[in-house]
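Residue strings, one per chain:
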Amino acid sequence: MKKLLLTIIILAINFSVKAGESSFLNDDVNSLIGQYDNETLAAISNELVKMANEEEGMGEFDLASTHYDRAIKIREAIGMKSHKSFASIQYLASQAYSKAGNFCEASTYAKKASDAFRAHGISKFEQKAEIESKEFAKACSVVAAR
């Protein structure tokens, strides 16, 4: 039953994003947070990350970015902000945003990921995210100047 419910929730979120109803989706995610326990919400977040990864593989970078955003929002709400996976999802979001051409968002997420990796002592990924944050910030300023 729980697996079926999780599937239905994910399908509803996916449909909402594809329909371009981002404000509805924000409300929907807030509603989920109020209705389900942390274990179910963590599972939903994991499914959103999987969906985003698959969407990136199909070249759907804007859609993937949206799903990463939702996964991050859910994890923040259930107190997983200090978990290592949170930093990884932020980094993945930065990559999706950069591939979609949204360099300002990509820079912001890469910087947050770098800070989080540093907090966990993961220097290899901290440095990579920090470098990319700066590269994305440069691209952001070029795009903003147009």
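For the structure itself, look to the data block above.
Report follows, based on the coordinates. (Residues numbered from 1 in each chain as written. Predicted model: local features only at pLDDT ≥ 70, side-chain atom pairs only at ≥ 80, totals over all residues. Heavy atoms only, no water.)

### Considerations on the packing of aromatic side chains
Under the defined criterion, the tally for this structure stands at 3 aromatic pairs. For the pair Tyr97 and Tyr109, a centre-to-centre distance of 5.7 Å together with 10 degrees between the ring planes defines the contact as stacked. Here the residue Tyr97 occupies a position in helix H5 (residues 84-99), and Tyr109 occupies one in helix H6 (residues 103-119), the gap between them amounting to 12 residues. Note on accessibility: Tyr97 and Tyr109 belong to one class, buried. Ring geometry for Phe117 versus Phe125: centroids 5.7 Å apart, planes at 40 degrees, classification tilted. Taken together through their ring pairs, the aromatic side chains of Tyr91, Phe117 and Phe125 make up a single cluster. Positioned above the aromatic ring of Tyr109 is the side chain of Lys112, whose terminal nitrogen or guanidinium carbon lies 5.6 Å from the ring centre. (Phe/Tyr/Trp six-rings, centres within 6.5 Å; stacked < 30°, edge-to-face > 60°. Helix = DSSP H or I, 4+ residues; strand = E, 2+ residues; numbered from the N terminus. Buried < 20%, exposed > 50% of the residue type's maximum accessible area, 1.4 Å probe, protein only. Lys NZ or Arg CZ within 6 Å of the ring centre and 35° of its normal.)

### What to know about the packing of helix H3 (residues 38-57) against helix H4 (residues 61-77)
One can describe the packing of H3 onto H4 by two numbers: an axis separation of 8 Å at closest approach and a directional angle of 165 degrees. As the angle between them shows, H3 and H4 are arranged roughly antiparallel. As for the relative orientation of H3 and H4, their crossing is left-handed in sense. Between H3, through Leu41, Ala42, Ile44, Ser45, Asn46, Leu48, Val49, Met51, Ala52, Asn53, Glu55 and Glu56, and H4, the contact on the second element is made entirely by Phe61, Leu63, Ala64, His67, Tyr68, Arg70, Ala71, Ile74 and Arg75. (Axes fitted to C-alpha atoms, helices over the stretch in contact; angles between N-to-C directions. Parallel < 35°, antiparallel > 145°, perpendicular 65-115°, else oblique. Left-handed = near helix turned anticlockwise from the far one by under 90°. Contact = heavy atoms within 4.5 Å.)

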